[in-house]
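A closer look at the structure
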2 protein chains.
Amino acid sequence: MSAPEDEKAPLNLAETRERIDAIDRDIQRLIAERARWAQQVGKAKGPLKAAVDYYRPEREAQVLRMVIDRNAGGPLSNEEMVRLFREIMSACLAQQEPLKIGFLGPEGTFSQQAVLKHFGHSIKGLPLATIDEVFQEVAAGNADFGVVPIENSSEGTVHSSLDQFVTSPLKICGEIELRVHQHLLTRSANLDQIERVYSHPQSLGQCKAWLRANLPKAERIAVSSNAEAARRARNADDAAAIAGETAAHIYGLKVLAHQIEDRPDNTTRFFVIGREVFPPSGHDKTSLLMSVKDKPGALYELLTPFAAQGLSMTKIESRPARTGKWEYVFFVEVEGHIEDERMVRAVELAGKHAAQVKVLGSYPVALQ
Amino acid sequence: MSAPEDEKAPLNLAETRERIDAIDRDIQRLIAERARWAQQVGKAKGPLKAAVDYYRPEREAQVLRMVIDRNAGGPLSNEEMVRLFREIMSACLAQQEPLKIGFLGPEGTFSQQAVLKHFGHSIKGLPLATIDEVFQEVAAGNADFGVVPIENSSEGTVHSSLDQFVTSPLKICGEIELRVHQHLLTRSANLDQIERVYSHPQSLGQCKAWLRANLPKAERIAVSSNAEAARRARNADDAAAIAGETAAHIYGLKVLAHQIEDRPDNTTRFFVIGREVFPPSGHDKTSLLMSVKDKPGALYELLTPFAAQGLSMTKIESRPARTGKWEYVFFVEVEGHIEDERMVRAVELAGKHAAQVKVLGSYPVALQ
């Protein structure tokens, strides 16, 4: 089989299609072979079990990193090639019973997009009404994994997710990054008419600079969801909503301004939550929850062991602990896996200075 | 590369993963090669154009039929293997710009499921508010194709779709069949309490026998959508909704009875609509719209030419024409393609007996 650029004379349509048919035959034979080997992996692990017993996030991350390394020549983008391999793995994994993944519904949310981006389509998605329920259903075993939004690149942390980890026994087993675009939707034809802009507070925040520059006098009104914002904007000539493209179509609104998010790399980050911690993939992060004894310099002492071990911290965030006034817990993200020797030592040392150190999980760093 | 069953001694996990890595390398090389050949197909057709200029439904149907023929040995189901090839074709086609597909929204509807089943995920979906709009956006060129529900296996034709063809210049370029499951959702714990059942009329119809057997005394109340039904059932202990599983999760209802559709093969059929008729795929259907001159035996005369040519009719349905009282138009589906000689002759003959014969399109018969 030769690639098209090797050809001296261009082939006609029928010849080109014959080449493609031959390639398809080979692809299909290989996918079937891959599926049989995947069954072998299952058998090597003992009697037949549910998909969750075969699923190994660290292995998936390794496979996809190899896919990206090999994809240098194109012609498909890394994103498309990774997507196809996620689907192939998803199909191979679902041979017994598909993975059940809980997420913040309804269907069509960014959370659902994150689920499908990460797990492929051979899964059973469970749209749930609240982030709370996602934790509950995973803890109860009704879902194998859950996916919850954790922060937006412009707007910061989703506290309702983060706070769950204080009391939940669940572990973080993966992170997903999803590009998010916002648009200005309205039924009127020009910006001058807009007196009110509705949106979810996170979305209003993601478009602050654009609003200041383009609608400085318009009132900004926070509502419960972007869909609700679009619904309200539908009823008045002087109102607009900030929302995704889908909402424009559902509510019959025009997109008056495209991609108005302040940062072109506007991204929402999600955690995959499950009931166990998985082995290292070779490029991992660890999330820790620590609470500090109330004395001067306590936070500094807590972080010193990580710096001393050369482990770089990628995020730190304090939240009020619900246990007492003026007590705080810290969410810390460190590069490395909890099984790494240096991490073991740092956590041990930090434990001497902290009132509590809880390992929330170690997981492969997100692929773009 | 050998298949697992050829092995004498079972491999350990690491060895099995090495085999899978080698297979993945080959799959990826072949997908990239396929994408390059797909570009060649484009170039053979002239200067670079939009995806719609490369898309050939008859060719896709042929490729997928070959996939099913080759898949006899498993281990993946035909459905999964076809899905993977649809995604590979979808990615290859989207190298310039993805296809834009209009459908009856919002996101999460059965219509969206049909779009993704048929076109794969490397497309841009446009959820629209009405079936009318789907036709309009395709006619205006804002969408390359549209997907509209046309009939359900238990409940019959969706007349709002069919009626559009009387006046629309659009053509049918494909059909999609989608399995549909209905459940009884409620917040109460047992059937005895249920006095009212809400649902869309189509869904009530799909579960008639089950309702008669299990809830003979409950009132059946038709509402605009199954989502609306679930919303209403949420507020009372004596109410239930018939809807898909998704609605249960969104509205926090229990599934009291699973898969209550009367026919286990409950299927909804969709048409893909576009602006042109495509060449034969080798296994096609043709849809015709004919109106009859008002005289005794006219319908019989209309159908005779098709029978005479040995063309089997798969569907016939009469609808009142909006042009005059007691005038009817007939939607007829015949096996074969409009370019087939026998079809040409039959249509020509039918034209002599009919007031009008309009070819709505010829398209590949749906894969399961």
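Only a predicted model underlies this, so the values are computations on that prediction, with no experimental measurement involved. (Residues numbered from 1 in each chain as written. Chains lettered and ligands numbered in written order. Predicted model: local features only at pLDDT ≥ 70, side-chain atom pairs only at ≥ 80, totals over all residues. Heavy atoms only, no water.)

We now examine the overall build of chain A. Secondary structure assignment for chain A yields 14 helices and 15 strands. Counting every position in chain A, which comprises 368 residues, the buried fraction comes to 54%. Taken as a whole, chain A presents about 16,200 Å² of accessible surface, with 50% of it coming from carbon and sulfur. (Helix = DSSP H or I, 4+ residues; strand = E, 2+ residues; numbered from the N terminus. Buried < 20%, exposed > 50% of the residue type's maximum accessible area, 1.4 Å probe, protein only. Areas by Shrake-Rupley, 256 points an atom, 1.4 Å probe, with all protein chains shown as cover.)

Let us look at the UniProt feature "coiled-coil region" (unreviewed entry) in chain A. According to UniProt, the positions carrying the feature "coiled-coil region" (unreviewed entry) are residues 13-40 of chain A. Secondary structure across residues 13-40 of chain A comprises 100% helix and 0% strand; the distance between its end C-alpha atoms is 41 Å. (UniProt positions renumbered as here; feature names shortened; annotations may be inferred.)

Within soluble globular proteins, side chains that are nonpolar generally end up buried alongside one another. If you look at the biggest cluster of nonpolar residues, it comprises 46 residues, and the most contacted ones within it are A:Ile27, A:Ile31, B:Ile27 and B:Ile31. Listed by contribution, the elements that provide at least two residues to this core are α1 (13-44), α3 (57-70) and α4 (78-93) of chain A together with α1 (13-44), α3 (57-70) and α4 (78-93) of chain B. Sequence-distant contacts of A:Ile31, that is, excluding residues within four places in its chain, are made with A:Ile88, B:Ile27, B:Leu76, B:Met81 and B:Leu84. (Core = buried A, V, L, I, M, F, W, Y, C linked by side-chain atoms within 4.5 Å. Contact = heavy atoms within 4.5 Å.)

This next bit is on the pairing of strand β9 (residues 239-243) of chain A. Residues and elements named next belong to chain A. With 5 of 5 residues buried, β9 lies mostly within the body of the structure. Of the two faces of β9, the one holding Ala239, Ala241 and Ala243 and the one holding Ala240 and Ile242 are both buried throughout. Here strand β6 (residues 183-186) runs beside β9; their pairing, made up of 4 bridges, is antiparallel. In the strand pairing of β9, Thr186 is matched with Ala240. Bridge count between strand β7 (residues 196-199) and β9: 3 bridges; the pairing is parallel. Among the inter-strand pairings, Tyr198 is bridged to a residue of β9, identified as Ala241. (Pairing = 2+ DSSP bridges.)

The next subject is the interface of chain A and chain B. Contacts between the two partners involve 67 residues from chain A, matched on the other side by 67 residues from chain B. Regarding the contact of chain A and chain B, the summed buried area is about 6,400 Å², with carbon and sulfur atoms giving 67% of it. Put simply, chain A and chain B have 6 salt bridges between them. For B:Asp24, the salt bridge goes to A:Arg34, with nearest N and O atoms at 2.6 Å. Ranked by residues supplied to the side of chain A that touches chain B, first place goes to α1(A) with 24 residues. Taken together, the residues that form the side of chain A that touches chain B break down as 32 nonpolar, 14 polar and 21 charged. (Buried area = accessible area lost by both parts, 1.4 Å probe. Salt bridge = Lys/Arg side-chain N within 4 Å of Asp/Glu carboxyl O. Nonpolar A, V, L, I, M, F, W, Y, C, P; charged D, E, K, R; others polar.)

Attention shifts here to the sheet that holds strand β9 (residues 239-243) of chain B. Residues and elements named next belong to chain B. Judged by pairing direction, the sheet is mixed, and its 5 strands sit side by side in the order β8-β7-β9-β6-β10 without closing on themselves. Across the chains shown, the open sheet's two edge strands, defined by having one partner strand only, are β8 (219-222) and β10 (254-257). The mean inter-strand angle of the sheet, taken between neighbouring strand axes irrespective of direction, is 35°. The sheet contacts of helix α10 (residues 226-233) involve β6 (183-186), β7 (196-199) and β9, and relative to β9 the element is tilted by about 160°. (Axes fitted to C-alpha atoms, helices over the stretch in contact; angles between N-to-C directions.)

A word on the packing of aromatic side chains. Inspection of every chain in the model, using the stated rule, returns 14 aromatic pairs over all chains. Every member of this aromatic cluster is reached through a ring pair, and the members are A:Tyr55, A:Phe119, A:Phe145 and A:Phe278. (Phe/Tyr/Trp six-rings, centres within 6.5 Å; stacked < 30°, edge-to-face > 60°.)

You can overlay chain A on chain B at an RMSD of 0.1 Å; the transform is a turn of 180° with a shift of 0.0 Å along its axis. Taken together, the rotation angle and the small translation identify this as a two-fold axis. Most of the interface of chain A is mirrored in chain B, where 100% of its interface residues again form contacts. (Least-squares fit on C-alpha atoms with pLDDT ≥ 70 in both.)

Now for the environment of A:Leu204. All names here are of chain A. Summarising the element assignment, Leu204 is placed in helix α9 (residues 201-206). Among the residues examined, Leu204 registers a relative accessible area of 11% and is labelled buried. Here Leu204 is in contact with Val197, Ser199, Leu211, Arg220, Ile221, Ala222 and Ile242, once residues within four sequence places are set aside.

Residue and element names in this part refer to chain B. Considered for burial, the residues of helix α12 (residues 298-308) that qualify are Ala298, Leu302, Leu303, Pro305 and Phe306. Angularly, the buried residues of α12 cover 140° about the axis, an arc narrow enough to put them on a single face. Every exposed residue of α12 that faces more than 90 degrees away from the buried side is listed here: Tyr300, Ala307 and Ala308. Phi for Gly310, located one or two positions after α12, is positive at around 70°. (Arc of directions from axis to C-beta.)

Residue and element names in this part refer to chain B. Inspection of the secondary structure assignment puts Glu175 in strand β5 (residues 171-179). A distance of 2.7 Å separates the side chain of Glu175 from the side chain of Arg269, its partner in a polar contact. In this structure the side chain of Glu175 is engaged in a polar contact, spanning 3.2 Å, whose partner is the side chain of Lys285. Once residues within four sequence positions are removed from consideration, Glu175 is found in contact with His118, Arg269, Phe270, Phe271, Lys285, Tyr363, Pro364, Val365 and Ala366. (Polar contact = N/O pair within 3.5 Å; in protein donor to acceptor, adjacent residues only side chain to side chain.)

This paragraph deals with the pattern of salt bridges. Residues and elements named next belong to chain A. Per the stated rule, a full pass over the model turns up 32 salt bridges over all chains. Here Glu333 ties to Arg269 by a salt bridge, and the two come within 2.9 Å at their closest N and O atoms. A residue pair is termed long-range when its members are at least 10 positions apart, and Glu333 in strand β14 (residues 328-335) and Arg269 in strand β11 (residues 267-274) qualify at 64 residues. Across the pair, Arg269 and Glu333 agree in class, each one buried.

In this sheet, strand β8 (residues 219-222) of chain A lies alongside β7(A) in parallel orientation, the contact comprising 4 bridges. Opposite A:Ser199, over in β8(A), you have A:Ala222 as the bridge partner.

Our next topic: the sheet that holds β6(A). Within a beta sheet, neighbouring strands are joined by backbone hydrogen bonds and run either parallel or antiparallel to one another. Residue and element names in this part refer to chain A. Strand order in this open sheet of 5 strands is β8-β7-β9-β6-β10, and the pairing throughout is mixed. Edge positions in the sheet fall to β8 and β10 (254-257), since each has one partner strand and no second. On average, each strand axis in the sheet is tilted by 35° relative to the strand beside it, whichever way the strands run. Against the sheet, helix α11 (residues 226-233) touches β6, β7 and β9, its axis set at about 160° to β9.

Next up on the list: α4(B). Taking 1.5 Å per residue, 16 residues should reach 22 Å; α4(B) reaches 22 Å between its end C-alpha atoms and fits that length. A large share of α4(B) lies buried, amounting to 14 of its 16 residues. (Expected span 1.5 Å × (residues − 1).)

This part takes up the packing of helix α6 (residues 131-139) of chain B against helix α7 (residues 159-167) of chain B. Residues and elements named next belong to chain B. Running from N to C, α6 and α7 point in directions that differ by 35°, and their axes come no closer than 9 Å. Along this stretch, α6 crosses α7, giving a crossing that reads as right-handed. On the side of α6, the interface is formed by Ile131, Asp132 and Phe135, while α7 contributes Ser160, Ser161, Gln164 and Phe165. Its residues placed into classes, the contact of α6 with α7 shows 3 nonpolar, 3 polar and 1 charged. (Left-handed = near helix turned anticlockwise from the far one by under 90°.)

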